[in-house]
Amino acid sequence: MSKQPDFSKGLVPAIIQDARTRTVLMLGYMNEEAYAKTLAESRVTFFSRSKNRLWTKGEESGNFLDVVSLSIDCDADTILIQAKPFGPTCHTGADTCFDESNGDNAAWLDQLKHVIRSRKTAPASTSYTASLFQLGTHKVAQKVGEEAVELVIEALMQNDDLFKGEAADLIFHLLVLLEDRGIDLSEIIAVLQSRHAAK
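Rules of the game
- Chains are numbered independently. Their residues run from 1 in the order of the written sequence.
- Where local features are concerned, this predicted model is filtered to residues with pLDDT of at least 70; where side-chain atom pairs are given and counted, the filter is 80 or more; whole-chain, interface and lining totals use all residues.
- Here the side-chain values reflect all heavy atoms present in the structure, with hydrogen atoms and water set aside.
- To define a nonpolar core, start from buried Ala, Val, Leu, Ile, Met, Phe, Trp, Tyr and Cys residues and group those joined through side-chain atoms within 4.5 Å.
- Three labels apply to residues, based on accessible area from a 1.4 Å probe with only protein chains included: buried if under 20% of the type maximum, exposed if over 50%, partly exposed otherwise in between.
- Numbering of helices and strands starts at the N terminus; helices are DSSP runs of H or I of at least 4 residues and strands are runs of E of at least 2.
- Two strands make a pair as long as DSSP finds a minimum of two bridges between them.
- Here an axis means a line fitted to C-alpha atoms, over the contact stretch when the element is a helix, while the angle between two N-to-C directions is reported on a 0 to 180 degree scale.
- These descriptions rest on fixed angle ranges, namely under 35 degrees for roughly parallel, over 145 for roughly antiparallel, 65 to 115 for roughly perpendicular, and the rest for oblique.
- The hand of a helix crossing depends on one turn: near helix anticlockwise from the far one by less than a right angle means left-handed, and clockwise means right-handed.
- Contacts are assigned to residue pairs that have any heavy atoms within 4.5 Å of one another.
- All residues other than Ala, Val, Leu, Ile, Met, Phe, Trp, Tyr, Cys, Pro, Asp, Glu, Lys and Arg, Gly among them, are scored as polar; the first ten of these are nonpolar and the last four charged.

Novice: Help me understand the nonpolar core, please; the structure alone is not making it clear to me.
Specialist: Generally speaking, a soluble globular protein has its nonpolar side chains buried in company with each other. Within the largest apolar cluster, 18 residues are counted, with the highest numbers of intra-cluster contacts made by Ile16, Met30, Ile79 and Ile81. Where this core is concerned, the elements lending two or more residues are β1 (12-18), β2 (24-30), α1 (32-41), β5 (65-72) and β6 (79-85). Of all hydrophobic cores here, the second largest spans 15 residues; its members include Leu112, Leu132, Leu151 and Leu170.

Listed below in structure tokens is the structure:
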């Protein structure tokens, strides 16, 4: 990146925006050291005025903000970071520091994806998901097929609760299959996006 923030007047405000939803998550401040650390680690670090030190967002809660892109405004006195949030951004537990909802709950699928990934190498006895991975791709793919058939059946039975349950089962097993194949959910979303753009 050729353009750099102007730290000659002290701290520079950094606006954090969800890269997926474009929702503004929070505002923090960076000094030159915090900015360099953010660039080096691709994880948002601020200079905390209350702590009087560098502070990586999520260092205590685990709700990190991973950098997707970073840009500097025309006057070089404001930083805009598009980030991938891991959990709620605000210390109160809200999605944003402005007490706004950050999109719909479909984003929770990304959290589920990470939970599934963590079970891939776990012993089969620790969870149903881990046991599926141990059975291999053939069994995981078979489960996706079974859940798809059950979803079709429930769609014809007109019972919304059962239908939603089967839809959830299908999505879950599809995520397991994607992980088993080493294909990230974002790659599937990219295919959908490219098809939409082509129309």
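Novice: Would you explain the sheet that holds β5 in this entry?
Specialist: For sheets, the rule is that strands pair by backbone hydrogen bonds, running either parallel or antiparallel. With mixed pairing, the four strands of this open sheet are ordered in space as β2-β1-β6-β5. The open sheet has two edge strands with one neighbour each: β2 and β5. Strand after strand, the sheet turns through a mean of 25° between neighbouring axes, direction not considered. Judged from the five bridges that link them, β1 and β6 form a sheet pairing that is parallel. Its bridge partner lying in β6, Ile16 is registered against Ile81.

Novice: Mind showing me how you'd approach the packing of helix α3 (residues 128-135) against helix α5 (residues 160-181) here?
Specialist: The description of two packed helices rests on the angle between their axes and on the distance between the axes. Two elements in contact, α3 and α5, have axes separated by 11 Å at closest approach and are oriented at 50°. Taken as axis vectors, α3 and α5 run oblique relative to one another. The crossing of α3 and α5 is right-handed. Contacts between α3 and α5 involve Tyr128, Thr129, Leu132 and Phe133 from the former and Phe172, His173, Val176, Glu179 and Asp180 from the latter. Here the residues of the contact of α3 with α5 are counted per class, giving five nonpolar, two polar and two charged.

These figures come from the coordinates and say nothing about function on their own.
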